[in-house]
Amino acid sequence: MTLNNAVSKAVNMQEEDLAGYVIHATKEVFNTMVMLDLEDSYPLREPVTTFHCSVTGMVGLAGTYTGILSIHCPRTFALRITSNMLGMDISEVGADVNDALGEIANMLGGYVKQILSKGGLDINLSIPTVISGEEYTVNSMSDDNCVIIPFTNEGERFLVALKLRKEG
């Protein structure tokens, strides 16, 4: 899993640089919005495309660069994120969890948008999408145009993935 060469040349940064920006943004969002400190363990050692008892928040990017920014959490961690964001105990995956994971994906997507473009004017973000289930596959994480960063908090691991392609 590596950054597409056309994207790397266009933004004048290596995969490690882009991963560093995503790591910084993720830690900042989780520290300020979720009140959790994270550890990253970039790069991902083994490919992951299938998720079990998980929740995934995604936001699409369109314009000069197209792609998907996604966050993939075990259900228990998604509940903890939501509980921390709302300041109340959330025990079931539902609208609150969908809103929380969608908002985190949106904030991270906005950060990436600012990094990749001049003021973010040539990239648009989609409305966040959230999926959850007992088992599902995310095919966008299976090719070589995806940077995936594992994070942990109190022994729970989740992934942030950025798939990018340069248009034109």
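Check the entry above for the structure.
Residues numbered from 1 in each chain as written. Predicted model: local features only at pLDDT ≥ 70, side-chain atom pairs only at ≥ 80, totals over all residues. Heavy atoms only, no water.

(A) Representation of the packing of aromatic side chains. Per the counting criterion, the structure on display carries five aromatic pairs. Ring geometry for Phe77 versus Phe158: centroids 5.1 Å apart, planes at 20 degrees, classification stacked. Within this pair, whereas Phe77 is found in helix α3 (residues 75-86), its partner Phe158 is found in strand β7 (residues 156-166), the two being separated by 81 residues in sequence. Grouping residues by exposure puts Phe77 and Phe158 together as buried. Taken together, a centroid distance of 5.4 Å and an interplanar angle of 20 degrees make the contact between Phe151 and Phe158 stacked. With respect to class, Phe151 is no different from Phe158; both count as buried. Three or more aromatic residues joined by ring pairs make a cluster, and in this case those are Phe30, Phe77, Phe151 and Phe158. (Phe/Tyr/Trp six-rings, centres within 6.5 Å; stacked < 30°, edge-to-face > 60°. Helix = DSSP H or I, 4+ residues; strand = E, 2+ residues; numbered from the N terminus. Buried < 20%, exposed > 50% of the residue type's maximum accessible area, 1.4 Å probe, protein only.)

(B) Representation of the state of the cysteines. As enumerated under the stated definition, the model contains zero disulfides in all. Its sulfur unpaired, Cys53 is 14 Å from the next cysteine sulfur, which belongs to Cys73. Not engaged in a disulfide, the cysteine Cys146 finds its nearest cysteine sulfur in Cys73; these two sulfurs lie 15 Å apart. (Disulfide = S-S within 2.5 Å.)

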